[in-house]
Amino acid sequence: MRDGVERFYHLKNTTVSLVVDCRGSQPAIAYFGTKLANVSESMIEQLDRHEAPASLPVEAAITLSPTHGMGYLGCPGLAVRRGRQQWQISPQLVACETSELELRFISVCERLSIEITHCLRLDGETGVLALTTTLKNADPTTPLSVDQCLITVPIQDHLSEACELTGRWGYELQQNRFQLPNSSLVRENRAGRTSHHRHPSLRLLSENTTLGSGDALDIQIAWSGNHTIRVEQLADGRRVMQAGELLEVGELELGPGGYYTSPECLLCFSDNGSNGLSQRWHRFIRKACGGHFGSAYGNPDRIHADTVNSQTVHSDTIHDGASNGAISVSSQETRPVQLNTWEACYFDVNEATVLELIDEAADLGIERFVLDDGWFRGRNNDQTSLGDWQVDKHKFSSGLSPIAAYCNEKGLEFGLWIEPEMVSPDSDLYRAHPDWVLGFSNAPLVEARNQLVLDLSREEVTEYLFESIAALLNEIPISYVKWDMNRDIHQMENAGGHRAVHRQTTALYALMARVRDRFPHVAIESCASGGGRVDMGVLQYASRFWPSDTNDALDRIAVQRGFLSMLPPELMGAHVGPSPCHLTGRQYTMNLRAGVALWGHMGVEADIRALNKADRLTLEAAISLHKQHRHLLHSGRYVEHEQSAQQVAWSVVSDDQGEALSAVAMLHTPTTAFPKRMRFRGLDGSKQYQVQVVWPQDLSEKQVDFRERLKSQCFGGDWLQQAGLALPIMQPESMLIFHLAAVKHS
Ligand code: GLA
């Protein structure tokens, strides 16, 4: 019985179309791409091919959750078990609930007593498609093990290349473009956190896709635990992408009546190349940050199950987070320039030092002071004290309240670093509760950065953490928390003897949500040894990311490009670090370091007391330049220009194209005397622009001439984009920043 199910569905916004084929036993995406005017059943039927030699008479459809029972020979989207002999899942579509931009397909597998709901929601403004699968164990007595629940979508033939975000600690989010294999591409993350190595996203492109043209399709999994993304070419030539949470065998068991909703997989399509795609993501996320994010993401029935054993997912694990509503910081909010103490003093923080830094910060125009690691009991190095979240009275004899109050007096907000999920073996917490950590039976505990992971599936642990955090936030006027997580989860056995990562991730979300609910004025930054937790899942609770521990300006340009390919600049922590850079030992001018950092949510992470006069003035000027343009930077359209090995360039253009801030960076020694002309992007070809050099302040003599000549000229937007702006000679490791303002016609 199919209750009101049409043969196919066509959802569209102004730019994209989604066509779902429901002729078979399960819904299957027939098309997701550039908007189509009309679709008829005969068009979909034409996709059905004739019998191929040595194949089934009718090839199996690539449904949202294909299984072997349907004759599908690729990786199954669903794998479940009830005992040892019930695994043959064969769902039948029975109903569809529709609204203008949402489809909910309900299927039932009677033999296994399972109900499956596929939810597809198209964002009207951006065309971002959010997909989830909900599995319900409808059996009244026996539990159901879920081994795999991946969203499956077919990929159009011409999308034959991929670009991944990959890297390592200190060099995250590097873009790597390659040809898709004829077999399978499998990206699996088992780090127990989002990871530095495999960002939970993938970009698919055609051979001809460039920055500004051609088709491009992104997927992002809104999840901070283990994940899988596969792209498989089937024997018949069709390509399939699958994505979702990576579940280890036995990790997820649903009690009778219990259900699991997969993390949202977000698909974003553009036929305007990778710039078009980035801009769609940025718009989508900004809109979500403006209040819709919670409703889009906070699916109240994401995970629900009654308990069968301690491994079974509890209904309460995610409800706190789900009911939480909008994300913490709206896109309109002005993001304060911050000073972070980490690379300024590491663990050597104390009242006197901190007060000096606050004075200096205020003089520089900094607006938020963030006390990083080292402030709590006995934390003099990375070998002790995680878990003991009380202020170290040797360092701060009167606690942190007077420090925060001093900040406020000086016009600065106060922020604090914490790493709640961790414990040091050398801590009072661990001495009192050695059983509170994740481990691995029959193997000694493995420490990383001298720390162990707390078992968040134990209620007493999350209770302790919430109370510790609440005590700090109640007592001290804190407006910002840097929430860190500094190790992978290698040993994932929890108190119940089960694999913990799924529970750990949902419990983390619930804890963050609880903190957000109780302290809505406190913004949370997501950090995990730099960019180990940059994803759309944690973005429900956090409003800033720390993309990398490297403050090396050149490396940062690459990290920032990767970040901005999917996430908007205002979410991107970007700090001016010391020279030489602590991670790479390289030295750059303050002009370059500050010029690179001002493109995100700007901060400084260096001992500003030790700056020489010239650097200090330069930094002050960069902070002021950032403040002058931060509204544009944090609301405009990010666009990359043509790149070469030596020279990269980008702009942020206001929505009305009346204004832009643009940068060109000379990374290495140029191979020619002059840089390549700067061909702008994103401007209005019919407008006239005045172009001003706004950075750096101390230009070479020839560059000063260049700047002065620009003052008396105007350029057509079409000229700037097609012919380009001729540039003066630039030194390696230097940059120029331009401000473009459209000239008003009188
Ligand atoms: C991690 C973070 C750093 C800093 C240190 C403190 O490495 O990424 O920014 O906060 O922890 O221990």
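As the structure is a prediction and not an experimental result, all values here were calculated from the model.

Student: Even after reading the chapter, I still don't get the overall build of the protein chain, so can you show me in this structure?
Tutor: Of the regular secondary structure elements, the protein chain holds 14 helices and 37 strands. The C-alpha radius of gyration computed for the protein chain amounts to 27 Å, which stays within 12% of the reference 27 Å derived for 746 residues, consistent with globular compactness. By principal-axis analysis of the C-alpha atoms, the protein chain measures approximately 75 × 65 × 45 Å. For the protein chain, the proportion of its 746 residues judged to be buried stands at 60%.

Student: Can you help me understand the pairing of strand β11 (residues 161-168) in this one?
Tutor: Within β11, 7 of the 8 residues are buried, leaving the element largely enclosed by the surrounding structure. Pairing analysis gives 7 bridges linking β11 to strand β12 (residues 171-179), with the strands arranged antiparallel. Within β12, the residue paired with alanine 162 across the bridge is phenylalanine 178. Adjacent in sequence and paired antiparallel, β11 and β12 are bridged by 2 residues, among which glycine 170 carries a positive phi angle near 80°. Summarising the sheet, β11 and strand β14 (residues 201-205) pair through 3 bridges and their orientation is antiparallel. Paired with alanine 162 across the strands is leucine 204, a residue of β14.

Student: Would you mind showing me how to read the sheet that holds strand β23 (residues 368-371) here?
Tutor: Strand pairs in the sheet, formed through backbone hydrogen bonds, run parallel or antiparallel to each other. Taking strand neighbours across the sheet as the criterion, the 8 strands line up as β29-β28-β27-β24-β23-β22-β31-β30 in an open arrangement whose pairing is parallel. Here the strands that pair on one side only, and so sit at the sheet edges, are β29 (544-545) and β30 (573-576). Looking at chain direction, β23 and strand β24 (residues 413-418) are connected through 4 bridges and run parallel. For arginine 368, the partnering residue across the bridge sits in β24 and is glutamate 413. Sheet strands touched by helix α6 (residues 401-409): β23 and β24. Its angle to β24, the strand with the most contacts, is close to 140°. Each of β30 and β31 (601-604) is contacted by helix α12 (residues 613-633), which is oriented at about 160° to β31, the strand it contacts most.

Student: Sorry if this is basic, but what is going on with the site of the ligand here?
Tutor: In the vicinity of the ligand, 13 residues are found, and the nearest of them are Asp372, Asp373, Lys482, Gly530 and Asp549. Between aspartate 372 and the ligand, the recorded distance is 2.7 Å, taken from a side-chain N or O atom to an oxygen atom. One nitrogen or oxygen atom from the side chain of arginine 449 is found 2.9 Å from an oxygen atom belonging to the ligand. For the ligand, the protein covers 97% of the area, taking 310 Å² as the surface of the free molecule. Of the residues assigned to the shell around the ligand, the class counts are 4 nonpolar, 3 polar and 6 charged.

Student: Quick question: what am I supposed to make of the environment of aspartate 388 here?
Tutor: With respect to the helices, strands and loops of the structure, aspartate 388 is situated in the loop between β23 and α6. Since its relative accessible area comes to 5%, aspartate 388 is described here as buried. Not counting chain neighbours up to four residues away, the residues in contact with aspartate 388 comprise Phe376, Arg377, Ser427, Asp428, Leu429 and Tyr464. Within polar-contact distance, the side chain of aspartate 388 engages the backbone nitrogen of aspartate 428 at 2.9 Å.

Student: I keep staring at the sheet that holds strand β18 (residues 252-254) and nothing clicks. Help me out?
Tutor: Strand order in the open sheet made by the 3 strands is β4-β9-β18, with antiparallel pairing throughout. Of all strands in the sheet, those bounded by a partner on one side alone are β4 (78-81) and β18. If you compare each strand with its neighbour and ignore which way they point, the axes differ by 30° on average. Alignment of strand β9 (residues 144-149) against β18, held across 3 bridges, turns out to be antiparallel. Bridge assignment links leucine 144 to a residue of β18, and that residue is leucine 254.

Student: What should I look at first to understand the pattern of salt bridges in this one?
Tutor: For side chains bearing opposite charge, pairing can occur when the charged atoms are close. Taken as a whole, this structure holds 47 salt bridges when the rule is applied. Across the salt bridge formed by arginine 283 and glutamate 125, the nearest N and O atoms sit 3.6 Å from each other. Of the two residues, arginine 283 is situated in helix α2 (residues 273-297) and glutamate 125 in the loop between β7 (114-122) and β8 (129-137); the sequence distance between them amounts to 158 residues. With relative accessibility at 37%, the residue arginine 283 sits in the partly exposed group. Arginine 514 is the salt-bridge partner of glutamate 463, the closest N and O atoms lying 3.2 Å from each other. One end of the pair, glutamate 463, is in helix α8 (residues 459-475); the other, arginine 514, is in helix α9 (residues 501-518), with 51 residues separating them in the sequence. The class for glutamate 463 is partly exposed, based on a relative accessible area of 36%. Each of Glu97, Glu102, Arg104, Arg121 and Glu264 takes part in salt bridges that share partners, so that together they form one network.

Student: Is there a simple way to explain α6 in this structure?
Tutor: Since the α-helix packs 3.6 residues into each turn, any two residues three or four apart lie on the same face. Residues of α6 that are buried include every one of Ile403, Ala404 and Cys407, and no others. One side of α6 carries all its buried residues, which in axial view fall inside an arc of 95°.

Student: So what exactly am I meant to see when it comes to the confidence of the model for the protein chain here?
Tutor: Where the model shows low pLDDT, its predicted coordinates should not be examined in detail. Across the protein chain, the average pLDDT comes to 93, with 94% of residues at or above 70. In the model, residues 291-332 has pLDDT below 50 throughout and makes 131 contacts with residues more than four positions away in sequence or in other chains.

Student: Explanation requested: the layout of surface pockets in the structure shown.
Tutor: The rolling of a water-molecule-sized probe over the atoms marks out the regions of remaining empty space. Each pocket or cavity is described by its volume, and for the largest pocket that value is around 1000 Å³. What lines the largest pocket is a set of 38 residues, and nearest its centre among them are Ile29, Ala30, Leu47, Ile62 and Arg238. Only β3 (28-34) and β10 (151-155) provide two or more residues apiece to the lining of the largest pocket. Looking at the lining of the largest pocket element by element, the count peaks at 5 residues for β3.

Student: Would you explain the side chain of asparagine 486 in this entry?
Tutor: Tracing the sequence through the fold places asparagine 486 in the loop between β27 (480-483) and α9. Within the structure, asparagine 486 has its side chain in polar contact with the side chain of serine 529 (distance 3.0 Å). Here asparagine 486 is in contact with Arg193, Trp417, Glu419, Met422, Arg449, Gln451, Ala528 and Ser529, once residues within four sequence places are set aside.

Student: Just checking my understanding: could you explain the packing of aromatic side chains for this structure?
Tutor: Remark: the centre distance and the inter-plane angle together describe each pair of aromatic rings, the angle taken between the planes. All told, the structure shown has 18 aromatic pairs when counted by the stated rule. Here tryptophan 342 and phenylalanine 347 contribute two aromatic rings whose centre-to-centre distance is 5.2 Å and whose plane-to-plane angle is 90°, an arrangement assigned as edge-to-face. Of the residues examined, phenylalanine 347 reaches a relative accessible area of 14% and is grouped as buried. Ring-pair connections join several aromatic residues into one group, and the members of that group are Trp375, Phe376, Trp389 and Trp417. The lysine or arginine in question, arginine 514, covers the ring of phenylalanine 466, its NZ or CZ lying 3.9 Å from the ring centre. Sitting over the face of the ring of tryptophan 546, arginine 556 holds its NZ or CZ atom 4.6 Å from the ring centroid.

Student: Can you walk me through the environment of tryptophan 169 in this structure?
Tutor: Relative to the assigned elements, tryptophan 169 resides in the loop between β11 and β12. Its relative accessible area of 42% is what places tryptophan 169 among the partly exposed residues. Along the primary structure tryptophan 169 and alanine 528 are separated by 359 residues, whereas in three dimensions their C-alpha atoms are 9.5 Å apart. A polar contact of 3.0 Å, which involves the side chain of tryptophan 169, links it to the side chain of aspartate 549.

Rules and cut-offs
The written sequence of each chain sets the order in which its residues are numbered from 1. Selection of residues for local features in this predicted model requires a pLDDT of at least 70, selection of side-chain atom pairs for listing and counting requires 80 or more, and totals for whole chains, interfaces and linings are taken over all residues. To get the side-chain values, take all heavy atoms of the structure and skip hydrogens and water. Secondary structure elements are defined from DSSP: runs of H or I of at least 4 residues count as helices, runs of E of at least 2 residues count as strands, and each element is numbered from the N terminus. Atoms considered for the radius of gyration are the C-alpha atoms alone. The globule rule reads 2.2 Å times the number of residues to the power 0.38. When accessible area is computed with a 1.4 Å probe and restricted to protein chains, residues below 20% of their type maximum are described as buried, those above 50% as exposed, and intermediate ones as partly exposed. A pair of strands is labelled paired if DSSP reports no fewer than 2 bridges between them. Note on definitions: a residue-residue contact is assigned when non-hydrogen atoms from the two residues lie within 4.5 Å. Think of each axis as a best-fit line through the C-alpha atoms, taken over the contacting stretch in the case of a helix, with angles from 0 to 180 degrees between the N-to-C directions. Proximity criterion: a residue is near a molecule or strand once any of its heavy atoms comes within 4 Å of it. Counted as a polar contact is a pair of N or O atoms within 3.5 Å, where, for protein atoms, one must be capable of donating a hydrogen and the other of accepting one, and residues adjacent in sequence contribute only when both atoms are in side chains. Here the open area of atoms and residues is found with the Shrake-Rupley method and a 1.4 Å probe, where only the protein chains shown may cover a residue. Amino acids are sorted into nonpolar (Ala, Val, Leu, Ile, Met, Phe, Trp, Tyr, Cys and Pro), charged (Asp, Glu, Lys and Arg) and polar (every other residue, Gly among them). Here a salt bridge means any side-chain nitrogen of Lys or Arg lying within 4 Å of a carboxyl oxygen belonging to Asp or Glu. What the arc measures is the spread of directions leading from the helix axis to the C-beta atoms. One number per residue, pLDDT, summarises how confident the predictor is, and it ranges from 0 to 100. Note on definitions: the grid is 1 Å and covers protein atoms alone; a cavity is a set of points where a 1.4 Å probe fits but cannot get out; a pocket is an open set with protein on both sides within 12 Å along at least five of seven lines; lining residues have an atom within 4 Å of a point. Grid points are joined across faces, edges and corners, and a volume is the space filled by probe spheres set on the points. For this analysis, a ring pair means two rings from Phe, Tyr or Trp (six-membered ring only for Trp) whose centres lie within 6.5 Å, classed as stacked if their planes differ by under 30 degrees, edge-to-face if by over 60, and tilted for the remaining angles. A ring has a charge above it when a Lys NZ or an Arg CZ is no more than 6 Å from the ring centre and no more than 35 degrees off the ring normal.

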